[in-house]
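A structural walkthrough
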Amino acid sequence: MSIRNLDDLLAEGVSGRRVLVRADLNVPLDKQSGAITDDGRIRAVLPTLSALVQAGAKVVVCSHLGRPKGTPDPQFSLRPVADRLGELLGAPVRFATDTVGDSARSTVDALADGEVALLENLRFNAGETSKDDAERGAFADQLAAFGEAYVDDAFGAVHRKHASVYDVPARLPHVAGRLVLREVEVLSTLTGDPERPYVVVLGGSKVSDKLAVIEALLPKVDRLLIGGGMCFTFLKAQGHEVGSSLLEEEMVETCRNLLERSEGKILLPVDVVAADAFAPDAAHDTVRADGIPTKRVGLDIGPETVAGFAAALKGARTIFWNGPMGVFEMAPFAHGTRGVAEAIASSGAFTVVGGGDSAAAVRALGLDESAFGHISTGGGASLEYLEGKTLPGIAALEK
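It should be emphasised that the depicted structure is a prediction, and the values quoted were computed from it without experimental measurement. (Residues numbered from 1 in each chain as written. Predicted model: local features only at pLDDT ≥ 70, side-chain atom pairs only at ≥ 80, totals over all residues. Heavy atoms only, no water.)

Looking at the overall build of the protein
Scanning the protein from terminus to terminus reveals 16 helices and 15 strands. Computed over C-alpha atoms, the radius of gyration of the protein comes to 22 Å, within 12% of the 21 Å expected from 2.2 N^0.38 for 399 residues, which places it in the range of a compact globule. Along the first, second and third principal axes, the C-alpha set of the protein runs to 65 × 45 × 40 Å. Relative to all contacts within the protein whose residues are 6 or more apart in sequence, the contacts with residues 24 or more apart total 72%. Within the structure as shown, the protein displays about 16,000 Å² of accessible surface, and the carbon and sulfur contribution to it stands at 49%. Of the charged side chains in the protein, 40 are positive and 54 negative, and the gap between their average positions amounts to 2 Å. (Helix = DSSP H or I, 4+ residues; strand = E, 2+ residues; numbered from the N terminus. Rg over C-alpha atoms; globule rule 2.2 N^0.38 Å. Contact = heavy atoms within 4.5 Å. Areas by Shrake-Rupley, 256 points an atom, 1.4 Å probe, with all protein chains shown as cover. Lys, Arg positive; Asp, Glu negative; His and termini not counted. Charge placed at Lys NZ, Arg CZ, Asp CG, Glu CD.)

Set out below in structure tokens:
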């Protein structure tokens with residue numbers, strides 16, 4: 001990978017220079033209070049920002065949050081992120097109330113050496129996500145005017161062909177930040193020649209979301225453990241009754257084909273926690289995976305499956321995990337995710353948590369993040385990298 005990194009930029013000297021940093025500060029917010037419920041992505045970019053601050057750069061940070069429709073929407077404002085970022089950096093972060101307008105220009109102009117500004121949500125501007133090259137390019141021109149150099153540290157967005165990720169690097173000297181560099185190094189290990197046994201754990205709701213990565217990984221792994229909502233389509237493909245559990249009927253034949261081609265590598269649940277309804281207080285019990293009652297919904301893998309998955313993980317030298325084993329947000333259905341996560345953490349293997357809900361689960365369940373080798377900040381980006389796809393943000397940095 002021929003990408004210049006942050007150390008290259010720092011060696012050139014950044015004191016007094018404006019450096020535009022694309023970060024991924026797309027953190028979850030409480031719908032009622034607007035408070036940040038998980039600041040993991042903010043903490044992940046701190047090494048890059050701190051290095052630039054200490055080197056005396058004027059740091060201009062830009063990010064998206066949520067999916068506004070190309071116009072300002074107060075519920076997706078980055079203001080609470082600016083406050084939290086300031087707390088973590090130990091110094092106030094100037095906040096621009098727009099992205100490329102008057103507030104942004106005056107905020108950036110007022111920066112002193114070693115200070116940080118955060119621009120308002122990039123997706124408040126239609127040009128950020130536009131499929132029209134000219135519209136996207138025009139917005140990129142405005143963003144690039146705020147920097148003399150560009151740092152991409154938003155791994156969670158590198159699979160998007162967006163102005164701040166794909167077009168701005170063409171307009172400024174550009175490097176990869178500490179986070180992006182680490183993410184690519186780790187995932188390159190998985191796509192290269194990982195230590196064996198190599199075990200992958202996949203969960204989440206839909207087979208269709210993970211089909212490409214299953215196809216890419218199946219020839220490379222020693223075992224593939226499948227839990228979460230997606231397991232029910234595989235169980236259906238085996239001819240089992242899955243009750244009212246999540247099911248992608250159109251994917252049943254695909255799953256049957258995958259099982260036939262897997263040469264026994266795929267391991268499915270043998271028991272599940274089935275409930276009367278999709279609710280935290282619903283009546284539930286553990287049932288055999290090959291006989292889920294008609295009106296019950298499977299919401300977690302069962303204890304026998306956790307034990308079986310833990311046994312399959314024991315002795316592994318490389319483990320990749322993406323997707324929870326059940327509805328971990330509801331306490332009664334979090335045991336499967338917790339059990340498998342603990343087995344991964346204690347395996348002694350090189351472990352990679354593939355971002356998204358898996359990373360959120362690690363923090364929500366109070367597990368020790370340092371027990372995992374690497375926790376990715378980009379679920380979709382991680383999967384697309386493992387699929388072998390060209391990621392626009394990485395390609396832009398390589399040019």
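A short note on the layout of surface pockets
What the second largest pocket holds in volume is close to 290 Å³. What lines the second largest pocket is a set of 20 residues, and nearest its centre among them are S205, G229, F278, G326 and V327. Contributing elements (two or more residues each) for the lining of the second largest pocket: α10 (231-237) and β12 (297-301). Sort the elements by how many residues they give to the lining of the second largest pocket and β12 lands first, with five residues. Here the residues of the lining of the second largest pocket are counted per class, giving eleven nonpolar, six polar and three charged. (1 Å grid on protein atoms, 1.4 Å probe; cavity = no way out; pocket = protein on both sides within 12 Å on 5 of 7 lines; lining within 4 Å. Points joined across faces, edges and corners; volume = space filled by probe spheres on them. Nonpolar A, V, L, I, M, F, W, Y, C, P; charged D, E, K, R; others polar.)

Thoughts on the sheet that holds strand β10 (residues 271-275)
Ordered in space as β11-β10-β12, the three strands form an open sheet in which the pairing is antiparallel. A single partner strand is all that each edge strand has here, and the edge strands are β11 (284-288) and β12. Each strand of the sheet is rotated relative to its neighbour by a mean of 40 degrees, with strand direction disregarded. In the sheet, β10 pairs with β12 via four bridges, with the strands oriented antiparallel. Along β12, the bridge assignment pairs A275 with V297. Against the sheet, helix α12 (residues 303-313) makes contact with β10, β11 and β12, and its axis sits at roughly 40 degrees relative to β12, the strand it touches most. (Pairing = 2+ DSSP bridges. Axes fitted to C-alpha atoms, helices over the stretch in contact; angles between N-to-C directions.)

A look at the sheet that holds strand β5 (residues 149-153)
Strand order across the open sheet formed by six strands is β3-β4-β2-β1-β5-β6, with parallel pairing between neighbours. On the outer flanks of this sheet lie β3 (93-95) and β6 (174-176), each paired with one strand and no other. Adjacent strand axes in the sheet meet at a mean angle of 25 degrees, parallel and antiparallel pairs treated alike. In the sheet, β3 pairs with strand β4 (residues 116-118) via three bridges, with the strands oriented parallel.

Focus on the packing of helix α9 (residues 207-217) against helix α11 (residues 252-261)
For the pair α9 and α11, the least separation of the axes is 12 Å and the interaxial angle reads 30 degrees. On the basis of their axis angle, the class for α9 and α11 is roughly parallel. The handedness of the crossing between α9 and α11 is left-handed. When α9 is examined against α11, the residues V207, L211, I214 and E215 are found in contact with a partner set consisting of T254, C255, L258 and R261. Grouping the constituent residues of the contact of α9 with α11 by class yields five nonpolar, one polar and two charged. (Parallel < 35°, antiparallel > 145°, perpendicular 65-115°, else oblique. Left-handed = near helix turned anticlockwise from the far one by under 90°.)

Regarding helix α6 (residues 133-144)
Taking 1.5 Å of rise per residue, twelve residues should cover 16 Å, and α6 covers 16 Å from first to last C-alpha, within 8% of that figure. For α6, the full list of buried residues reads R136, G137, F139, A140, L143 and A144. All buried residues of α6 project into a common sector of 165 degrees when viewed along the axis, lining one side. If you follow the buried residues of α6, they end up packed against β1 (18-23) and α7 (163-167). (Expected span 1.5 Å × (residues − 1). Buried < 20%, exposed > 50% of the residue type's maximum accessible area, 1.4 Å probe, protein only. Arc of directions from axis to C-beta.)

With respect to the pattern of salt bridges
Charged atoms that come close allow side chains of opposite charge to pair. Scanning all chains against the criterion turns up 24 salt bridges. Taking the shortest distance from any N to any O, the salt bridge between E369 and R43 comes out at 3.5 Å. Here E369, found in the loop between α14 (356-364) and β15 (374-375), pairs with R43, found in helix α2 (residues 40-44); they are 326 residues apart in sequence, far enough to count as distant. For E369, a relative accessible area of 29% puts it in the partly exposed group. Residue classification places R43 among the partly exposed residues on the basis of a relative accessible area of 32%. R105 is the partner of D102 in a salt bridge, and the nearest nitrogen-oxygen pair spans 2.5 Å. In this pair, D102 and R105 both sit in helix α5 (residues 102-109), three residues apart, roughly one turn of the helix. The network of salt bridges with shared partners includes D38, D39, R43, R84, E87, R363 and E369. (Salt bridge = Lys/Arg side-chain N within 4 Å of Asp/Glu carboxyl O.)

Quick word on the side chain of H162
Mapped onto the fold, H162 is located in the loop between β5 and α7. Classification of H162 by relative accessible area gives buried; the value is 11%. Filtering out sequence-adjacent residues up to four positions away, H162 remains in contact with R123, E128, T129, R136 and D167.

Describing the environment of F124
Note on placement: F124 falls in the loop between β4 and α6. In this structure F124 comes out as buried when scored by relative accessible area, which is 10%. Taking the C-alpha atoms as reference, F124 lies 7.0 Å from K69; in sequence the two are 55 residues apart.

Observations regarding unusual backbone geometry
For the peptide bond that leads from R196 to P197, omega is 5 degrees, which places it in the cis range. One can find P197 in the loop between α8 (178-191) and β7 (198-202). Although it is not a glycine, E263 sits at a positive phi angle of roughly 55 degrees. Within the secondary structure, E263 sits in the loop between α11 and β9 (266-267).

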